Amino acid sequence: MGLNRGIAAAALAAVGLLGLSACAGGATEPAEPVAEAPEFEAGSTMAALAEAGTITIGTKFDQPLFGLQGLDGEPVGFDVEIGKIIASELGIAADNIEWVETVSANREPFIENGTVDIVIATYTINDTRKEVISFAGPYYLAGQDILVLEGNPEGITGPEDVAGKNVCSVAGSTSEQNIAEYGPNLITTDTYSNCLEPLRNGAVVAVTTDNVILAGLADQNPGEFEVVNNAFTSEPYGIGLTRDDDVFRSWINDVLEEAYADGRWADAWTSTAGVVLDLPEPPAVDRY
Amino acid sequence: MDSLIDVMPLYLEGFGLTILLLVVSGLGAFILGVIIAAMRISPLPSLRVFAVVYTEALRNVPLLLVLFFCAFVLPILGVSVGPDPKVGYLLLAILGLTLYTSPFVAEAVRSGINGVPIGQAEAARSIGMGFGATLTLVILPQAGRMVVPPLINVFIALTKNTSVAGIFFVNELFSGVQRATRDHGDKVLLMLLFAAALYLLITIPLGQIAGYIEKKVRVLR
């Protein structure tokens with residue numbers, strides 16, 4: 001039984017991998033049409049970047065579907081596609097983007113000391129961060145969601161449905177705090193991937209945290225899990241840039257709005273995170 | 001100070017679970033350890049081989065892997081976690097800690113047995129006592145007095161080892177620190193020191209008890 005399951009899982013993983021590589025290929029082949037010699041206000045960040053012909057973008061390398069570095073060294077994901085859209089508007093081809101890994105702890109320092117020009121890395125906009133850097137966007141509203149077994153045998157549609165049921169999360173996380181209000185029987189561990197085994201063997205009926213993490217877990221275990229797709233908190237993801245570079249910030253916001261309007265944003269989503277998550281409405285950019 | 005009062009319920013729950021893990025798996029490991037030690041010196045070669053393999057296999061594998069096996073592999077092999085995973089995973093953690101600690105108990109007991117002069121066993125055999133009677137009436141009572149300090153060391157190590165169970169869905173004392181730092185991220189050091197103080201509350205009395213028993217049962221040679 002255990003062996004059969006292992007073989008089945010391996011086979012599923014292999015099929016999923018083929019599917020994934022097909023998707024990744026689809027995303028990169030029709031390269032963004034690069035703007036030809038765009039005009040920018042002299043002295044602006046855009047002018048400087050267009051002049052240099054290259055841009056340094058910080059992203060995560062370990063966040064499946066958003067920014068994940070494969071063995072070939074090229075990151076793929078929704079954040080990466082957003083970066084390519086912005087670069088193309090500057091007249092910079094995808095090949096000329098320099099990707100730098102930013103983890104949660106070094107994003108503000110990398111922007112402040114100029115290691116990167118912008119950061120697109122599942123980066124939640126909040127007031128503390130706004131004190132040291134500026135945010136364009138949001139370009140996506142993430143939120144806490146629920147992961148269940150494929151087919152959703154318990155029929156869970158939202159946090160209200162887990163009251164009194166067994167749920168797994170990470171000790172000390174905001175997600176744990178949020179779901180606790182709905183009265184589940186919570187068990188906790190130290191990483192979200194540890195929660196998958198109890199979900200598989202039926203010890204819990206749901207795992208909960210931000211939908212982007214859950215989508216990544218579902219994507220890595222094809223055919224086993226699904227995201228309920230009903231986020232009940234809101235985490236606006238923004239693009240980090242140097243504080244008070246208002247011209248650059250509002251230009252990026254314009255680019256995002258154009259990408260919303262002409263379908264490039266939707267295409268970027270569909271080819272990456274859209275594999276697991278529904279296509280959301282693009283969020284209104286916040287021109288603060 | 002307010003923050004300490006704030007996290008008190010969290011820490012007390014963890015403290016209780018840590019003591020429960022210590023007492024139940026300590027007892028289990030003691031019983032299992034004495035049995036393994038007896039097998040190690042038994043006249044039957046197959047029992048001796050089993051005891052050696054058991055001891056070497058378990059004490060040379062990290063606790064994390066033993067608990068991982070109990071929490072993740074046993075359910076795959078068909079051991080049900082039960083309707084309440086909090087209880088289910090607690091039992092699996094107790095099983096893991098018991099298995100992991102028992103060879104250390106066995107080795108402590110064996111060292112005590114080795115400390116009993118061989119003449120004692122020979123004398124017992126010469127008056128017609130069998131292996132069981134020799135062991136329980138002559139060897140173990142004398143060995144027991146010598147193994148108090150090493151055994152207490154094993155239980156102090158077990159107290160600290162319970163902190164690993166937090167990864168496997170048991171809200172013991174150390175996992176309380178993770179929750180405490182969510183709301184008091186600016187006082188991480190204080191939260192850790194508080195947890196350390198609670199561990200000391202268990203381990204220092206253990207050392208005191210060891211000293212007391214040792215004095216009481218000392219064999220003068």
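Conventions we followed
Residues numbered from 1 in each chain as written. Chains lettered and ligands numbered in written order. Predicted model: local features only at pLDDT ≥ 70, side-chain atom pairs only at ≥ 80, totals over all residues. Heavy atoms only, no water. Core = buried A, V, L, I, M, F, W, Y, C linked by side-chain atoms within 4.5 Å. Buried < 20%, exposed > 50% of the residue type's maximum accessible area, 1.4 Å probe, protein only. pLDDT = per-residue confidence, 0-100. Contact = heavy atoms within 4.5 Å. Helix = DSSP H or I, 4+ residues; strand = E, 2+ residues; numbered from the N terminus. Pairing = 2+ DSSP bridges. 1 Å grid on protein atoms, 1.4 Å probe; cavity = no way out; pocket = protein on both sides within 12 Å on 5 of 7 lines; lining within 4 Å. Points joined across faces, edges and corners; volume = space filled by probe spheres on them. Polar contact = N/O pair within 3.5 Å; in protein donor to acceptor, adjacent residues only side chain to side chain. Axes fitted to C-alpha atoms, helices over the stretch in contact; angles between N-to-C directions. Parallel < 35°, antiparallel > 145°, perpendicular 65-115°, else oblique. Nonpolar A, V, L, I, M, F, W, Y, C, P; charged D, E, K, R; others polar. Left-handed = near helix turned anticlockwise from the far one by under 90°. Right-handed = clockwise from strand over helix to strand, strands pointing away. Phe/Tyr/Trp six-rings, centres within 6.5 Å; stacked < 30°, edge-to-face > 60°.

Visitor: How would you explain the nonpolar core if you had to name every residue and give the values?
Guide: Counting residues in hydrophobic clusters, the biggest one holds 121 residues, and the most contacted among them are A:Ile118, A:Tyr139, A:Tyr140, A:Ile239, A:Ile252 and B:Tyr11. With 11 residues, the next largest nonpolar core counts A:Val148, A:Ile156, A:Val162 and A:Val205 among its residues.

Visitor: An account of the confidence of the model for chain A is needed here, citing residue identities and associated values.
Guide: When the pLDDT values of chain A are averaged, the result is 88; 89% of them are 70 or greater. Long-range and interchain partners of residues 15-30 of chain A, a stretch whose pLDDT sits below 50, account for 7 contacts in this model, where long-range means more than four residues apart.

Visitor: Please provide a residue-by-residue account of the pairing of strand β7 (residues 133-142) of chain A, values included.
Guide: All names here are of chain A. Here β7 lies mainly inside the structure; 9 of its 10 residues are buried. Across 7 bridges, β7 lies against strand β13 (residues 235-242) in antiparallel orientation. Opposite Ala-142, over in β13, you have Glu-235 as the bridge partner.

Visitor: Explain the layout of surface pockets to me, using residue names and the numbers behind them.
Guide: Residue and element names in this part refer to chain A. One number sums up the size of the second largest pocket: a volume of about 580 Å³. Around the second largest pocket sit 26 residues that line it, and Lys-60, Thr-209, Asp-210, Ile-213 and Tyr-237 are the ones nearest its centre. Every element with two or more residues in the lining of the second largest pocket is listed here: β2 (62-63), α6 (174-180), β11 (206-210), α8 (211-220) and β13. Among the elements that line the lining of the second largest pocket, the one with the most residues is α8, at 5 residues.

Visitor: Before we move on, could you go through the side chain of A:Asn185 and cite the residues and values that matter?
Guide: Relative to the elements of secondary structure, A:Asn185 occurs in strand β10 (residues 185-189). Looking at A:Asn185, its side chain comes within polar contact range of the side chain of A:Asn166, at 2.8 Å. Polar side-chain contacts of A:Asn185 include one of 3.1 Å to the side chain of B:Asp84. Those residues in contact with A:Asn185, other than ones at most four positions away along the chain, are A:Gly164, A:Lys165, A:Asn166, A:Val167, B:Asp84, B:Pro85 and B:Lys86.

Visitor: So what's going on with the packing of helix α2 (residues 45-52) of chain A against helix α9 (residues 246-262) of chain A? Which residues, and what values?
Guide: Residue and element names in this part refer to chain A. With their axes 8 Å apart at the nearest point, α2 and α9 run at an angle of 75 degrees to one another. In terms of axis orientation, α2 runs roughly perpendicular to α9. Here Thr-45, Met-46 and Leu-49 of α2 come into contact with α9, specifically with Val-247, Phe-248 and Trp-251. The residue inventory of the contact of α2 with α9, partitioned by class, reads 5 nonpolar, 1 polar and no charged.

Visitor: Now, about the packing of helix α4 (residues 85-114) of chain B against helix α7 (residues 148-161) of chain B: what can you tell me, with residues and values included?
Guide: Residue and element names in this part refer to chain B. For the pair α4 and α7, interaxial distance at closest approach is 9 Å and the crossing angle is 160 degrees. As summarised for this structure, α4 and α7 are arranged roughly antiparallel, according to the angle between their axes. Handedness of the α4/α7 crossing: right-handed. Where α4 abuts α7, its residues Leu-97, Tyr-100, Thr-101, Phe-104, Val-105 and Ala-108 lie against Pro-150, Leu-151, Val-154, Leu-158 and Asn-161. Of the residues in the contact of α4 with α7, the class split is 9 nonpolar, 2 polar and no charged.

Visitor: Before we move on, could you go through the pairing of strand β9 (residues 166-170) of chain A and cite the residues and values that matter?
Guide: All names here are of chain A. By the criterion of burial, β9 is predominantly enclosed, with 5 of the 5 residues buried. The two faces of β9 match: Asn-166, Cys-168 and Val-170 on one face and Val-167 and Ser-169 on the other face are all buried. Where β9 and β10 come together, 5 bridges link them in parallel fashion. Following the sheet pairing, Cys-168 is matched in β10 by Ile-187. Each parallel crossover has a hand, and for β9 linked through α6 to β10 it is right-handed. With 2 bridges joining them, β9 and β11 adopt parallel strand pairing. Looking at the pairing, Cys-168 lines up with Val-207 of β11.

Visitor: An account of the packing of aromatic side chains is requested, with residue identities and associated values reported.
Guide: Summed over all chains, the structure comprises 23 aromatic pairs over all chains. With a centroid separation of 6.3 Å and 75 degrees between ring planes, the pair formed by A:Phe78 and A:Tyr140 is classed as edge-to-face. Of the two residues, A:Phe78 sits in helix α3 (residues 78-89) while A:Tyr140 sits in strand β7, which places them 62 residues apart along the sequence. Their ring planes at 15 degrees and their centres at 4.8 Å tell us that B:Tyr11 and B:Phe194 sit as a pair that is stacked. Pair noted here: B:Tyr11 is in helix α1 (residues 2-40) and B:Phe194 is in helix α9 (residues 188-217), with a separation of 183 residues, a long-range link. For the residue pair B:Tyr11 and B:Phe194, the accessibility class agrees, reading buried in each case.

Visitor: Would you mind going over the sheet that holds β10(A) in detail, with residue names and values included?
Guide: Strand order in the open sheet made by the 5 strands is β10-β9-β11-β8-β12 (chain A), with mixed pairing throughout. The strands lining the two open edges of the sheet, one partner per strand, are β10 and β12 (225-227) of chain A. Pairs of neighbouring strands in the sheet enclose a mean axial angle of 30 degrees, with direction left out of account. Together, β9 and β10 of chain A form the strand contacts of α4(B), whose direction differs from that of β10(A) by roughly 35 degrees.

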